[in-house]
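Working through the structure, step by step
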Amino acid sequence: AGIDPSVRARTAEMTAAVRMFSSDPLTGVEYGAFVDRYPETVRDLGIDLRATPREAHNLYLQFAAEMGVVGLLLLAGIAAAVAASIRRGRRSFRRISDLRGDGIGHAVAASLVGYLVTSFFLHLAFARPAWLVVGMALALPRVAAVEDADREAAAIGVAP
């Protein structure tokens with residue numbers, strides 16, 4: 001009594017995710033199965049008795065519940081590869097003194113960090129914008145290389 005309903009719901013969703021992860025920590029309960037398994041899991045816990053489909057409201061807990069350690073390692077690998085791509089692209093832009101390109105790389109990095117932080121409170125329903133950021137991040141080194149080649153070609157008077 002006296003507990004805010006949204007706090008109780010979030011607690012139930014996150015507790016259910018931890019329970020699902022505990023049931024199969026290696027591979028999880030299956031991608032996309034959180035919504036289906038949520039009602040039975042919270043019924044056993046006695047926390048939240050709503051019949052509406054629910055999400056974990058935490059990207060990391062949802063990955064853990066649905067895909068286990070394998071999914072979490074995959075997510076971490078994607079984040080590391082994207083961060084490395086941003087680093088390479090920004091380094092290349094700085095090497096050719098392209099502050100605008102470096103600034104774009106900085107903005108992409110800030111977007112990625114923002115998404116990863118807010119993912120503690122959001123779930124996969126907001127994945128499309130994240131994939132756009134991933135795409136831009138992975139393109140940065142190539143864009144920097146093309147820009148460098150164009151500058152070199154212009155410096156020697158050759159059309160790119």
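The structure under discussion appears in the preceding block.
Notes on the structure follow. Treat the numbers as computed from the prediction; the structure is a model and nothing was measured.

Parameters at a glance
Residues numbered from 1 in each chain as written. Predicted model: local features only at pLDDT ≥ 70, side-chain atom pairs only at ≥ 80, totals over all residues. Heavy atoms only, no water. Helix = DSSP H or I, 4+ residues; strand = E, 2+ residues; numbered from the N terminus. Rg over C-alpha atoms; globule rule 2.2 N^0.38 Å. Buried < 20%, exposed > 50% of the residue type's maximum accessible area, 1.4 Å probe, protein only. Contact = heavy atoms within 4.5 Å. Areas by Shrake-Rupley, 256 points an atom, 1.4 Å probe, with all protein chains shown as cover. Lys, Arg positive; Asp, Glu negative; His and termini not counted. Charge placed at Lys NZ, Arg CZ, Asp CG, Glu CD. Salt bridge = Lys/Arg side-chain N within 4 Å of Asp/Glu carboxyl O. Polar contact = N/O pair within 3.5 Å; in protein donor to acceptor, adjacent residues only side chain to side chain. Axes fitted to C-alpha atoms, helices over the stretch in contact; angles between N-to-C directions. Parallel < 35°, antiparallel > 145°, perpendicular 65-115°, else oblique. Left-handed = near helix turned anticlockwise from the far one by under 90°. Nonpolar A, V, L, I, M, F, W, Y, C, P; charged D, E, K, R; others polar. 1 Å grid on protein atoms, 1.4 Å probe; cavity = no way out; pocket = protein on both sides within 12 Å on 5 of 7 lines; lining within 4 Å. Points joined across faces, edges and corners; volume = space filled by probe spheres on them. Expected span 1.5 Å × (residues − 1). Arc of directions from axis to C-beta.

Let us now look at the overall build of the chain. Of the regular secondary structure elements, the chain holds 5 helices and 0 strands. Reading the helices (α) and strands (β) of the chain from amino to carboxyl end gives α-α-α-α-α. Relative to the compact-globule value of 15 Å for 160 residues, the chain shows a C-alpha radius of gyration of 21 Å, a clear excess of over 25%. Across its three principal axes, the chain shows a C-alpha extent of roughly 75 × 35 × 20 Å. In the chain, buried positions account for 34% of the 160 residues. Of all intrachain contacts in the chain linking residues separated by at least 6 positions in sequence, the fraction that spans at least 24 positions is 72%. Carbon and sulfur atoms make up 66% of the accessible area of the chain, which totals about 9400 Å². Side-chain charges in the chain split into 17 positive and 16 negative, and the spacing between the mean points of these groups amounts to 5 Å.

Let us look at the side chain of glutamate 66. Note on placement: glutamate 66 falls in helix 3 (residues 59-95). Although glutamate 66 lies buried, it forms no salt bridge, and the closest oppositely charged side chain, arginine 37, sits 9.8 Å away as judged by the N-O distance. Reaching out from glutamate 66, the side chain makes a polar contact with the backbone nitrogen of phenylalanine 34 at a distance of 3.2 Å. Here glutamate 66 is in contact with Thr27, Gly28, Val29, Glu30, Tyr31, Gly32, Ala33, Phe34 and Leu124, once residues within four sequence places are set aside.

Time to look at the packing of helix 3 against helix 5 (residues 127-155). Look at helix 3 against helix 5: their axes get within 8 Å of each other, and the N-to-C directions meet at 30 degrees. Relative to helix 5, helix 3 is oriented roughly parallel. Judged by the sense of rotation from one axis to the other, the crossing of helix 3 with helix 5 is left-handed. Packed against helix 3, whose contacting residues are Ile78, Ala81, Val82, Ser85, Ile86, Arg88, Gly89, Ser92, Phe93 and Arg95, the element helix 5 presents Trp131, Val134, Ala137, Leu138, Leu140, Pro141, Val143, Ala144 and Asp148 at the interface. Here the residues of the contact of helix 3 with helix 5 sort into 13 nonpolar, 3 polar and 3 charged.

As a volume, the largest pocket reaches approximately 300 Å³. Among the elements of the structure, helix 3, helix 4 (99-118) and helix 5 are those that each provide at least two residues to the lining of the largest pocket. Among the elements that line the lining of the largest pocket, the one with the most residues is helix 3, at 7 residues. Tallied by class, residues from the lining of the largest pocket come to 17 nonpolar, no polar and no charged.

Here helix 2 (residues 34-45) is 12 residues long and its end C-alpha atoms lie 15 Å apart, about the 16 Å a rise of 1.5 Å per residue gives. Residues of helix 2 that are buried: Phe34, Tyr38, Thr41 and Val42. Buried positions in helix 2, seen along its axis, are confined to an arc of 95 degrees and lie on one side of it. Away from its buried face, by an angle of more than 90 degrees, helix 2 presents the exposed residues Asp36, Arg43 and Asp44. Where the residues of helix 2 are buried, they touch helix 1 (5-23) and helix 3. At the C-terminal side of helix 2, glycine 46 shows a positive phi close to 70 degrees.

Before going further, it helps to examine the environment of isoleucine 47. For isoleucine 47, the position within the fold is in the loop between helix 2 and helix 3. Judged by its relative accessible area of 27%, isoleucine 47 falls in the partly exposed class. Ignoring sequence-local partners within four residues, the contact set of isoleucine 47 consists of Arg8, Ala12, Thr15 and Val42.

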